[in-house]
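Read off the chains here:
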Amino acid sequence: MTQEDADLDGLVRKRIRALRVAQGWSLEELATRARLSQSSLSRIENGRRRLALDQLVTLARALDTTLDQLVETAADDVVTSPMIDGAHGLMRWPVKSDPGMSVMRQRMTEPPPENPARMRAHPGREWLVVLSGTAVLMLGHRRFRIETNQAAEFPTMMPHAIGAEGGPCEILGIFDRDARRGHQREGSDSDVQGTAE
């Protein structure tokens, strides 16, 4: 067994135990769900029994996961540094597992535009959480007040705008690939204020 294989073997065993503990199950409970003996499961977790593919498939099902997730290797990059767009006051973090996703942090000082013609619509979905202050999300003709630690998720095909209420607010937005593209196009629009470009 190569070092890489040994590392993966150890990772899978730790993952099985961690998933079992996270569910609050004893060895006996998981063994029953996976139709294994308790001693076999104990030996699998402790590295005293060879990992067999058929057992891994059964364990993955019993743990409500997939074989792929059970045996995937750890990501190389654990920490991602932000890319800073000083012109728009944004920090953006790429999401490695899904390159189409972006995370952006933005400080807002202006309220959302009153004029519905200044609201934007484009393909995609957006999710945001307010880190501090109070944000206002305009969706079509509806107005939502979002306080610190509250979140919102919406399809960006709905005309929308985001701004601050009663002072500055800071938001963290997560955009899928289409929503990110839509906001990048809007970023070149100098008359847009208070939106999360």
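Higher on the page you've got the structure.
Moving on to the nonpolar core. Grouped together as the largest cluster of nonpolar side chains are 16 residues, with contacts concentrated most on Ile16, Leu30 and Leu59. At the level of elements, helix H1 (3-23), helix H2 (27-34), helix H3 (38-46) and helix H4 (53-62) are the ones that each hand at least two residues to this core. Tallying contributions element by element places H4 first for this core, with four residues. For leucine 30, the residues in contact, after removing those within four places along its chain, are Ile16, Arg20, Trp25, Leu41, Leu59, Ala62 and Leu63. Core analysis: the second largest hydrophobic core is formed by 13 residues, Leu139, Ile146, Ala164 and Cys169 among them.

This paragraph deals with the pairing of strand S3 (residues 102-108). Along S3, five of the seven residues are buried, which leaves the element largely enclosed by surrounding structure. With seven bridges joining them, S3 and strand S9 (residues 169-175) adopt antiparallel strand pairing. Each bridged residue has a counterpart across the sheet, and for serine 102 the counterpart in S9 is phenylalanine 175.

Another aspect to go through is the environment of leucine 131. Relative to the elements of secondary structure, leucine 131 occurs in strand S4 (residues 125-132). Look at leucine 131 and you get partly exposed, because its relative accessible area is 35%. Expressed as a C-alpha distance, the spacing of leucine 131 and arginine 105, which sit 26 residues apart in the sequence, is 9.1 Å. Sequence-distant contacts of leucine 131, that is, excluding residues within four places in its chain, are made with Arg105, Thr148, Glu170, Ile171 and Leu172.

The rules behind these values
- Residues numbered from 1 in each chain as written.
- Predicted model: local features only at pLDDT ≥ 70, side-chain atom pairs only at ≥ 80, totals over all residues.
- Heavy atoms only, no water.
- Core = buried A, V, L, I, M, F, W, Y, C linked by side-chain atoms within 4.5 Å.
- Buried < 20%, exposed > 50% of the residue type's maximum accessible area, 1.4 Å probe, protein only.
- Helix = DSSP H or I, 4+ residues; strand = E, 2+ residues; numbered from the N terminus.
- Contact = heavy atoms within 4.5 Å.
- Pairing = 2+ DSSP bridges.

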